[in-house]
Amino acid sequence: MKETSRNIDTLVAYALSEGLIAPEDRVYAINRLLAVLGESEYVPAENGNSTSEIPVPAGEQRGKFTSPQPILDALLEKAAANGTLESNTPVYRDLLDTELMAGLTPPPSAVIAKFRQYYADSPEKATSWYYRFSQATNYIRTDRIARDVRWEYNSPWGELIITINLSKPEKDPVAIANAKKQKQSAYPACAICPENEGYAGTVTQAARGNHRILPITLGGEDWFWQYSPYVYYNEHCIALNKKHTPMVINRATFGKLLDFTDIFPHYFIGSNADLPIVGGSILTHDHFQGGKFRFPMAEAPVGQTFDVSGLQGVSCGIVEWPMSVLRLSGTDKKAILDLAEQILARWKTYSDESVEIFAFTGDTPHNTITPIARRRGNQYELDLVLRNNRTTDEHPLGLFHPHAEKHHIKKENIGLIEVMGLAVLPARLKNALSSLADCWAGGADCFAENAELLPHKPWFDEIASREKPTSRAEAEEILKREVGRVFAGCLEDAGVFKQTEAGREAFVRFVKVALEK
């Protein structure tokens, strides 16, 4: 019992040091943790208080903030031994350690009040505090995010960012089996509904007891915003409609994005498209993604510009980017919204057989837009990325989607984050690239030894025909560069107007139609 008491003391000391609880909350917090762990005994420290510190994982330096995960892991091992932890597997460990942190997380009203206090000083101070808070509660699991693999690829379009996502937990066999026995529930309706705040979680729905969201008003409607628990980039946030209502792209959407930049001028904000294939993973709940980060697309220059007659205070040009992007900029929000609405309306009904763009198949629409808003000084910028989700016999997953020869690297949709130049690649690639580098440097036939690598064989054989690494490190660097090249190709596949003379001419034809009075 002494060890469990000491670990509880350590976790409470951590919560005190991070400002999650006040000194007056200490005894209450200890008792809440005991209850979650199914313990009824507690042995106080000899001095009647705790001076314990959070252990620092190997390779890390102690600072003001350290992940609470090591001490949570110690408590989970004790819970597994005494039967409180139903199964010592990832999903059940996440459910229990979130419940432990939930007992140390302030209620929503206190978090909202604190945020508003900081916001009155400056929006940037407020978001910095809230981001740190979301890490301190372990809602953002910094220990897992640190495992993600990341590098840059110097493409013809600028530096693209390549990441392999290792922070999303995979379902374990026990959780999958138990999910089949679990009674189906429609609460919360989806993974980002506001009702997730404080939710204990199940084997099929993530625990969010340590999660707090903040209210905002966008377009005169009640919305909330929060940080993503997976943080694909700095201060990766999500704005979500209070109501569980489907994604939609219209004038009101553009207005809400610009409203968000009024509230948080140091953040960008964007929306996934509202159609399958070219949209995000959640189309059933209207939401945006933003953050304090400059994506490669934001740094891409505008090439050809166009005269916008009849609208003062707004400019329009084609962004030099592998996807088909129009950038509107200016100080007049209404003028930008008027032009964006007009472009969307023209695009939704636009077809050009010469470049295989068809707005409809029967009554099924194909054209939509992925919009991204940001501030550049006192100017608004609104990027409109033209999308089309038509499928063909040759490309059943989408004509303007990564083509089949690239699926061994990227088969998933090109959503908002990828559109802007950041690849979120599946975890399986980490081991695959490592194995390929080992075999290549060692001269072994990795495909004979590992059938899971076979989907990469045509790609690898082509690389090996022109590259001769002299070390394993060089082999790995070559493979990373080639993955970046594939991702650049995925963006080109997703572009509706191709980077050819015919494609560029077709793009200009559309813009002229879109800007006609």
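See the structure above.
In short, a report on the structure. Everything numeric in this text was worked out from a predicted model, so none of it was measured.

1. Brief notes about helix α6 (residues 123-136)
Turning to step 1, where the next piece is worked out: Between the first and last C-alpha of α6 there are 20 Å, a value that for 14 residues agrees with the 20 Å anticipated at 1.5 Å per step.
Turning to step 2, where the next piece is worked out: Buried within α6 we find Ala126, Thr127, Trp129, Tyr130, Tyr131, Phe133, Ser134, Gln135 and Ala136.
Turning to step 3, where the next piece is worked out: Where α6 is buried, its residues touch α1 (2-17), α4 (90-102), α5 (108-121), α7 (142-145), β3 (214-218) and β4 (221-227).
Turning to step 4, where the next piece is worked out: Following α6 by one or two positions, Asn138 has its phi on the positive side, about 70°.

2. Let's talk about the pattern of salt bridges
Turning to step 1, where the next piece is worked out: In the structure shown here, the tally under the stated rule is 38 salt bridges.
Turning to step 2, where the next piece is worked out: Here Lys406 ties to Asp493 by a salt bridge, and the two come within 2.9 Å at their closest N and O atoms. Here the residue Lys406 occupies a position in the loop between β14 (379-388) and α12 (416-419), and Asp493 occupies one in helix α16 (residues 472-494), the gap between them amounting to 87 residues.
Turning to step 3, where the next piece is worked out: Between Arg481 and Glu467 there is a salt bridge, with the nearest N and O atoms lying 2.7 Å from each other. Placement of the pair is Arg481 in helix α16 and Glu467 in the loop between α15 (457-464) and α16, with a sequence separation of 14 residues.
Turning to step 4, where the next piece is worked out: A single salt-bridge network, built from bridges that share partners, covers Glu462, Arg466, Glu467, Arg481, Glu482 and Arg485.

3. What about the pairing of β3?
Two faces belong to every sheet, and in a regular strand the side chains alternate between them.
Turning to step 1, where the next piece is worked out: Residues Leu214, Ile216 and Leu218 line the buried face of β3, whereas the alternating positions Pro215 and Thr217 sit on a face that is not buried.
Turning to step 2, where the next piece is worked out: Judged from the 5 bridges that link them, β3 and β4 form a sheet pairing that is antiparallel. Within β4, the position partnered with Ile216 by the bridge is Trp223.

4. Section: the environment of Tyr119
Turning to step 1, where the next piece is worked out: Here Tyr119 shows up in helix α5.
Turning to step 2, where the next piece is worked out: Spatially, the C-alpha atoms of Tyr119 and Ile263 are 9.7 Å apart, while their sequence positions differ by 144 residues.
Turning to step 3, where the next piece is worked out: For Tyr119, the residues in contact, after removing those within four places along its chain, are Ala126, Ile263 and Phe264.

5. Observations regarding empty space enclosed by the protein
Turning to step 1, where the next piece is worked out: Tallying each qualifying case throughout the model produces 1 cavity of 30 Å³ or more.
Turning to step 2, where the next piece is worked out: Estimates place the volume of the largest cavity at around 30 Å³.
Turning to step 3, where the next piece is worked out: Taken together, Phe268, Phe293, Arg294, Phe295, Ala298, Arg374 and Met420 make up the lining of the largest cavity.
Turning to step 4, where the next piece is worked out: In terms of residue class, the lining of the largest cavity is built from 5 nonpolar, no polar and 2 charged.

6. Looking at the pairing of strand β15 (residues 422-425)
Turning to step 1, where the next piece is worked out: Covered by surrounding structure in β15 are Leu422 and Val424 together with Ala423 and Leu425, the residues of both alternating faces.
Turning to step 2, where the next piece is worked out: Note: strand β2 (residues 158-164) against β15, 4 bridges, orientation parallel. For Ile161, the partnering residue across the bridge sits in β15 and is Leu422.

Rules of the game
- Residues numbered from 1 in each chain as written.
- Predicted model: local features only at pLDDT ≥ 70, side-chain atom pairs only at ≥ 80, totals over all residues.
- Heavy atoms only, no water.
- Helix = DSSP H or I, 4+ residues; strand = E, 2+ residues; numbered from the N terminus.
- Expected span 1.5 Å × (residues − 1).
- Buried < 20%, exposed > 50% of the residue type's maximum accessible area, 1.4 Å probe, protein only.
- Contact = heavy atoms within 4.5 Å.
- Salt bridge = Lys/Arg side-chain N within 4 Å of Asp/Glu carboxyl O.
- Pairing = 2+ DSSP bridges.
- 1 Å grid on protein atoms, 1.4 Å probe; cavity = no way out; pocket = protein on both sides within 12 Å on 5 of 7 lines; lining within 4 Å.
- Points joined across faces, edges and corners; volume = space filled by probe spheres on them.
- Nonpolar A, V, L, I, M, F, W, Y, C, P; charged D, E, K, R; others polar.

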